[in-house]
Amino acid sequence: MVFENSKQNHSNKEMKISTQELSDFKSKVGSKCFIVKVSGEVNVFSSKHLKAAIEDILQYGNQKICVDLSDIAYLDSSGIAVFIGVSTLSRRKNSELILFGVSPQIDHIFEMVRVKPLFKIVGSVEEAVLEAARA
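The numbers attached to residues start from 1 for each chain and follow its sequence in the written order. With pLDDT at 70 or above as the cut-off, local features in this predicted model cover only qualifying residues; side-chain atom pairs require 80 or more to be listed or tallied, and sums for whole chains, interfaces and linings still use all residues. Calculated side-chain values reflect all of the structure's heavy atoms, with hydrogen atoms and water omitted.

### A closer look at the overall build of the protein
Alright, step 1. Secondary structure counts use DSSP, requiring at least four H or I residues in a row for a helix and at least two E residues in a row for a strand, with both numbered from the N terminus. Broken down by element type, the protein carries four helices and six strands.
Alright, step 2. Think of it in three bands: with a 1.4 Å probe and only protein chains considered, a residue is buried below 20% of the maximum accessible area for its type, exposed above 50%, and partly exposed in between. Going through the 135 residues of the protein one by one, you find that 49% of them count as buried.
Alright, step 3. Long-range pairs, those at least 24 residues apart, make up 74% of the contacts in the protein between residues at least 6 apart in sequence.
Alright, step 4. Carbon and sulfur atoms form 52% of the exposed surface of the protein, whose accessible area is close to 7300 Å². Note on definitions: a residue-residue contact is assigned when non-hydrogen atoms from the two residues lie within 4.5 Å. Note on areas: Shrake-Rupley with a 1.4 Å probe; residue coverage comes only from the protein chains shown.

Structure below.
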């Protein structure tokens, strides 16, 4: 299964990941919160880098990870597998994974392959950070 966002400029097909720790974040259980921005193509070649970036954050446990999917140009089954895997790992590490900026096309794919219930999905970064602070 493949998703391609027609709004994106496809001249640069490389996936980019940026990570930012929110220094002023406060949760009830003392968690840290990270924003992970993913752009470009999440495919069989790039998905391992996304997995490694999120696993690096999760290694110490008790983390809140908000993943921005608004600039994904392409998503294949290996990308979906990464999100399933890091979602499972986050629960084992007493952490939370929150997805936001999910396009209608990606949302539809998550529904079609019946993985949407595995994820906490919100609309914006503000909603994601509020959700992370609640838990």
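### Here's the deal with helix α1 (residues 47-58)
Alright, step 1. A rise of 1.5 Å per residue sets the reference length of α1, with its twelve residues, at 16 Å; its end C-alpha atoms lie 17 Å apart and thus fit the reference within 8%.
Alright, step 2. Among all positions of α1, only Ser-47, Leu-50, Ala-53, Ile-54, Ile-57 and Leu-58 are buried. Buried residues of α1, viewed axially, fall in a sector of 140°; they line one side.
Alright, step 3. Those residues of α1 that are buried lie in contact with β2 (16-21), β3 (32-42), β4 (63-75) and α2 (77-92). For a helix, the expected span equals 1.5 Å multiplied by the number of residues minus one. Comment: arc refers to directions from the helix axis out to C-beta atoms.

### Brief notes about the packing of aromatic side chains
Alright, step 1. Here a Phe, Tyr or Trp ring, Trp counted by its six-membered ring, pairs with any other such ring whose centre lies within 6.5 Å, and the pair is stacked when the planes are under 30 degrees apart, edge-to-face when over 60, and tilted otherwise. For the structure on display, the rule yields two aromatic pairs.
Alright, step 2. Taking the centre distance of 6.5 Å and the plane angle of 75° together, the rings of Phe-83 and Phe-110 count as edge-to-face. On the criterion of sequence distance, the pair formed by Phe-83 in helix α2 and Phe-110 in helix α3 (residues 104-112) is long-range, its members being 27 residues apart. The same class applies to Phe-83 as to Phe-110, namely buried.
Alright, step 3. Ring centres of Phe-110 and Phe-119 lie 5.0 Å apart, and the angle between their planes is 45°; on these two criteria the pair is classed as tilted.

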